[in-house]
Amino acid sequence: DSGVTQTPKHLITATGQRVTLRCSPRSGDLSVYWYQQSLDQGLQFLIHYYNGEERAKGNILERFSAQQFPDLHSELNLSSLELGDSALYFCASSVEAGGPSGELFFGEGSRLTVL
Amino acid sequence: AQKITQTQPGMFVQEKEAVTLDCTYDTSDPSYGLFWYKQPSSGEMIFLIYQGSYDQQNATEGRYSLNFQKARKSANLVISASQLGDSAMYFCAMREPYTGNQFYFGTGTSLTVIP
């Protein structure tokens, strides 16, 4: 158990719909990262939040948005869903010690299927 | 240029044998961290091992060791005495302060352990 909690674990929805994925980081971790992993693909970085503020953006579509709340949990909102959005979405948290150490702790992922 | 390169899409190893998974990286930052993650078929991402750029010795964690060759910019993962449970995808990653301590992941290597 990494200590990172993601909900829901599985989600099936239709094209054009909107979903929200939720993440609670490990206790004490201020950073939350979101990644997308499509079938048999590597990890695509979406966005990084630190203590409520956006730190970096990756290849995140305009239809996607995220935020980190004062209690440090984060939500990833996916709207106008398309078939190609079907993927495993990971949340990860990390201690930001000011240097390159500190691994990412991943949640179990939210598997989204768009029909 | 790719920050992390994993050139072996798939590898096979006999049970109880050792296997090396290749990883090369690209950075101009003198300070960086290197990580390996395992992703079994169940989907979760499991942290295996970390190597800091200033660490003098190669990192080891049980049957995992990281063959760190700084001049060649390589960080190969060595798994000794392979077990059937080692069959999984393996991802190499780097974290560099120069780009805000962001993580960069390789495309992964699929390892299959043959009984």
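Computed from a predicted structure; not experimentally measured.

Brief notes about the interface of chain A and chain B
- In this assembly, 22 residues from chain A lie in contact with 19 residues from chain B.
- A combined buried area of about 1,600 Å² lies between chain A and chain B, and 56% of that area is made up of carbon and sulfur atoms.
- The interface formed by chain A and chain B contains zero salt bridges.
- Linking chain A with chain B are six residue pairs in polar contact (both at pLDDT 80 or more).
- Where the side of chain A that touches chain B is concerned, the elements lending two or more residues are β4 (31-37), β5 (44-50) and β9 (87-94) of chain A.
- For the side of chain A that touches chain B, the residue count by class is eleven nonpolar, nine polar and two charged.

With respect to the nonpolar core
- With 25 residues, the main nonpolar core has L21, Y25, W36, I49, L77, Y90 and L111 of chain B as its most contacted residues.
- Those elements that provide at least two residues to this core are β2 (10-14), β3 (19-21), β5 (33-39), β6 (46-52), β8 (64-69), β9 (74-79), β10 (88-96) and β12 (109-114) of chain B.
- Counting residues per element, this core draws most heavily on β10 of chain B, at four residues.
- Contact partners of I49 of chain B, with chain neighbours within four places excluded, come to L34, F35, W36, A59, T60, E61, Y64, S65, L66 and L77 of chain B.
- Listed in part, the 21 residues of the second largest apolar core include L21, V32, W34 and L112 of chain A.

What counts, and where the lines are drawn
Residues numbered from 1 in each chain as written. Chains lettered and ligands numbered in written order. Predicted model: local features only at pLDDT ≥ 70, side-chain atom pairs only at ≥ 80, totals over all residues. Heavy atoms only, no water. Contact = heavy atoms within 4.5 Å. Buried area = accessible area lost by both parts, 1.4 Å probe. Salt bridge = Lys/Arg side-chain N within 4 Å of Asp/Glu carboxyl O. Polar contact = N/O pair within 3.5 Å; in protein donor to acceptor, adjacent residues only side chain to side chain. Helix = DSSP H or I, 4+ residues; strand = E, 2+ residues; numbered from the N terminus. Nonpolar A, V, L, I, M, F, W, Y, C, P; charged D, E, K, R; others polar. Core = buried A, V, L, I, M, F, W, Y, C linked by side-chain atoms within 4.5 Å. Buried < 20%, exposed > 50% of the residue type's maximum accessible area, 1.4 Å probe, protein only.

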